[in-house]
Number of protein chains: 2
Amino acid sequence: MRTPDSLEELIQALRCLPGVGPKSASRMAFHLLQRDHAGASRLATALGDSLARIRHCARCNTFTEAEVCELCASPRRDPSLLCVVESPGDLVMMEQTQSYGGLYFVLMGRLSPLDGIGPREIHLDRLLRRATEGGVREVILATNFTVEGEATAHYIAEMLAGKGPGVTRIARGLPVGGEIEHVDAGTLAQALIERRPA
Amino acid sequence: MRTPDSLEELIQALRCLPGVGPKSASRMAFHLLQRDHAGASRLATALGDSLARIRHCARCNTFTEAEVCELCASPRRDPSLLCVVESPGDLVMMEQTQSYGGLYFVLMGRLSPLDGIGPREIHLDRLLRRATEGGVREVILATNFTVEGEATAHYIAEMLAGKGPGVTRIARGLPVGGEIEHVDAGTLAQALIERRPA
């Protein structure tokens, strides 16, 4: 019993989604064809529309439908602060804190030489121009605390050293509500190293 | 910061996939727009194509691009055996055993009154016609051993009782290579109840 061609192609195509292997892809394809034709055609349309409409903001590189995103265009943001994040998802999380009023630069990735992602792939040349074009007082590095995120932050700090803006890194330490008994040793060690006056 | 409309719509549309919540949907959308435009447009095309081409086999109800699927049309299958499965994925698994040479009927679901899935939704009227139209000697119930699968098997067995074909259920018991020490008590109890001459 051969799977019909168009079904097989749908299963293969679904595997481009992150975290979707052959089993999940089959399950998704069967679900769409069995129970959710409306959802499937909505998804097809949404994919086409977003591919056609979404581009990168000329200022901060995040996803936008305009030349410059809403946030970069806002007169209410502080242009002297520039926060560097890895992805638009991280930007959304930062905004949800409601404790940051500056602008962003979205790398759309992180340095990862093994995956062929170098300084050019994450647009560090644009970041350098953006950070030094005047008006930026402080660059806040908010990449992840993973090996790649740390390496990226380190690289950017080196790149910007002595170029004008101050460079800071968001703090590591215990999470809010965190209990010392339950936190991992690495985090606790960092919290100790980076202790500050009480 | 508002997410651009077409991106927001893509995130919502991805949630029609089973097992995909808001976090995964965002991650998938960002991945497609950041790294895999080719994959996204392939997926859009595959969705459109399969929606347009895939239909249900007039005989066994599985997915096919033809009026009658390859398997039902094959002269090499034994038409006196009819195996009832819940989904096309189950049919594929049955075929992989290479130990069944009969035909199939695919319910495209299971009885689940709480979800509004009754005998009509899983086409039991068609199954009844198919099983009693002559030529079928034995109906093999290969629904899952879940509560719904068992209920469905029970319902079909009742429906077909005295209508002509014999009705059997695939065996429950220890899996091949299974060790008594590690199997769950329910399975072991069933294996004991359904013991057979050695």
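Below is a summary of the structure that appears in this document.

Procedures and definitions
- Residues numbered from 1 in each chain as written.
- Chains lettered and ligands numbered in written order.
- Predicted model: local features only at pLDDT ≥ 70, side-chain atom pairs only at ≥ 80, totals over all residues.
- Heavy atoms only, no water.
- Least-squares fit on C-alpha atoms with pLDDT ≥ 70 in both.
- Pairing = 2+ DSSP bridges.
- Helix = DSSP H or I, 4+ residues; strand = E, 2+ residues; numbered from the N terminus.
- Axes fitted to C-alpha atoms, helices over the stretch in contact; angles between N-to-C directions.
- Buried < 20%, exposed > 50% of the residue type's maximum accessible area, 1.4 Å probe, protein only.
- Arc of directions from axis to C-beta.
- Contact = heavy atoms within 4.5 Å.
- Left-handed = near helix turned anticlockwise from the far one by under 90°.
- Nonpolar A, V, L, I, M, F, W, Y, C, P; charged D, E, K, R; others polar.
- Disulfide = S-S within 2.5 Å.
- Buried area = accessible area lost by both parts, 1.4 Å probe.
- Salt bridge = Lys/Arg side-chain N within 4 Å of Asp/Glu carboxyl O.
- Polar contact = N/O pair within 3.5 Å; in protein donor to acceptor, adjacent residues only side chain to side chain.
- Phe/Tyr/Trp six-rings, centres within 6.5 Å; stacked < 30°, edge-to-face > 60°.
- Lys NZ or Arg CZ within 6 Å of the ring centre and 35° of its normal.

Some words on the relation of the copies chain A and chain B
Moving on, step 1. For the pair chain A and chain B, the superposition axis carries a translation of 0.0 Å, the fit reaches an RMSD of 0.1 Å, and the rotation angle comes to 180 degrees. In short, the pair behaves as if placed about a two-fold rotation axis. Minimal C-alpha separation from the rotation axis in chain A is found for A44(A), amounting to 2.1 Å.

Section: the sheet that holds strand β5 (residues 138–141) of chain B
Hydrogen bonds between backbone groups are what pair the strands of a sheet, and the pairing can be parallel or antiparallel.
Residues and elements named next belong to chain B.
Moving on, step 1. The strand order across the open sheet built from four strands is β4-β3-β5-β6, with neighbouring strands paired in parallel fashion. Edge strands, defined here as strands with exactly one partner in the open sheet, are β4 (102–106) and β6 (166–169). Neighbour-to-neighbour, the strand axes of this sheet turn through a mean angle of 25 degrees, independent of strand direction.
Moving on, step 2. With four bridges connecting them, β5 and β6 associate as parallel partners. Bridge pairing in β6 links L141 to R169.

Points about helix α1 (residues 5–14) of chain B
Moving on, step 1. Listing the buried residues of α1(B) in full gives S6(B), L7(B), L10(B), I11(B), A13(B) and L14(B). Seen along its axis, α1(B) keeps its buried residues to an arc of 165 degrees; they face one direction.
Moving on, step 2. Where the residues of α1(B) are buried, they touch α3 (37–53) and β2 (63–64) of chain A together with α2 (22–35) of chain B.

Structural notes on the packing of α3(A) against helix α3 (residues 37–53) of chain B
Moving on, step 1. In contact at an axis separation of 9 Å, α3(A) and α3(B) are set at 145 degrees when each is read in the N-to-C sense. For the pair α3(A) and α3(B), the crossing hand works out as left-handed. Residues H37(A), A40(A), S41(A), L43(A), A44(A), L47(A) and L51(A) of α3(A) lie in contact with α3(B), whose contacting residues are H37(B), A40(B), S41(B), L43(B), A44(B), L47(B) and L51(B).
Moving on, step 2. Per-class residue counts for the contact of α3(A) with α3(B) are 10 nonpolar, four polar and no charged.

Thoughts on the environment of E70(A)
Moving on, step 1. Tracing the chain through its elements places E70(A) in helix α4 (residues 70–73).
Moving on, step 2. Spatially, the C-alpha atoms of E70(A) and C57(A) are 9.2 Å apart, while their sequence positions differ by 13 residues.

What to know about helix α6 (residues 124–132) of chain A
All names here are of chain A.
Moving on, step 1. Three or more residues of α6 are buried, namely L124, L127, R130 and A131. In an axial view of α6, the angular spread of the buried residues amounts to 115 degrees, which keeps them on one side of the axis.
Moving on, step 2. Turning to α6, the residues buried within the fold contact β3 (78–85), β4 (102–106), β5 (138–141) and α7 (147–160).
Moving on, step 3. At the exit of α6 stands G134, carrying a positive phi of roughly 100 degrees.

Observations regarding the state of the cysteines
All names here are of chain A.
Moving on, step 1. This model, assessed by the stated rule, comprises zero disulfides over all chains.
Moving on, step 2. Here C57 stays unpaired: no disulfide links it, and the sulfur of C60, its closest cysteine neighbor, is 3.8 Å away.
Moving on, step 3. By relative accessible area, C57 is classed as buried at 0%.

Regarding the interface of chain A and chain B
Moving on, step 1. On the chain B side, the residues contacting the 54 residues of chain A number 54 residues.
Moving on, step 2. A buried area of about 4,900 Å², summed over both sides, lies between chain A and chain B, and 71% of it is on carbon and sulfur atoms.
Moving on, step 3. For the pair chain A and chain B, the number of links is two salt bridges.
Moving on, step 4. Residues E9(B) and R42(A) are paired through a salt bridge, measuring 2.8 Å at the closest nitrogen-oxygen approach.
Moving on, step 5. Taken together, the connections running from chain A to chain B amount to 12 residue pairs in polar contact (both at pLDDT 80 or more).
Moving on, step 6. For the side of chain A that touches chain B, the elements supplying multiple residues, two or more each, are α1 (5–14), α2 (22–35), α3, β2, α4 and α5 (88–96) of chain A.
Moving on, step 7. A per-element tally of the side of chain A that touches chain B places α3(A) first, with 13 residues.
Moving on, step 8. Each residue belonging to the side of chain A that touches chain B can be placed in one class, and the counts come to 28 nonpolar, 13 polar and 13 charged.

A closer look at the packing of aromatic side chains
Moving on, step 1. All told, the structure shown has four aromatic pairs over all chains when counted by the stated rule.
Moving on, step 2. Geometrically, the ring pair formed by F63(A) and F30(B) is stacked, given 6.0 Å between the ring centres and 25 degrees between the ring planes. Note that F63(A) is positioned in strand β2 and F30(B) in helix α2, a pairing that runs across two chains.
Moving on, step 3. Overall, the relative accessible area of 2% leaves F63(A) in the buried class.
Moving on, step 4. With a relative accessible area of 12%, F30(B) lands in the buried category.
Moving on, step 5. Over the ring of F145(A) we find R169(A), and its NZ or CZ is 4.2 Å from the ring centre.

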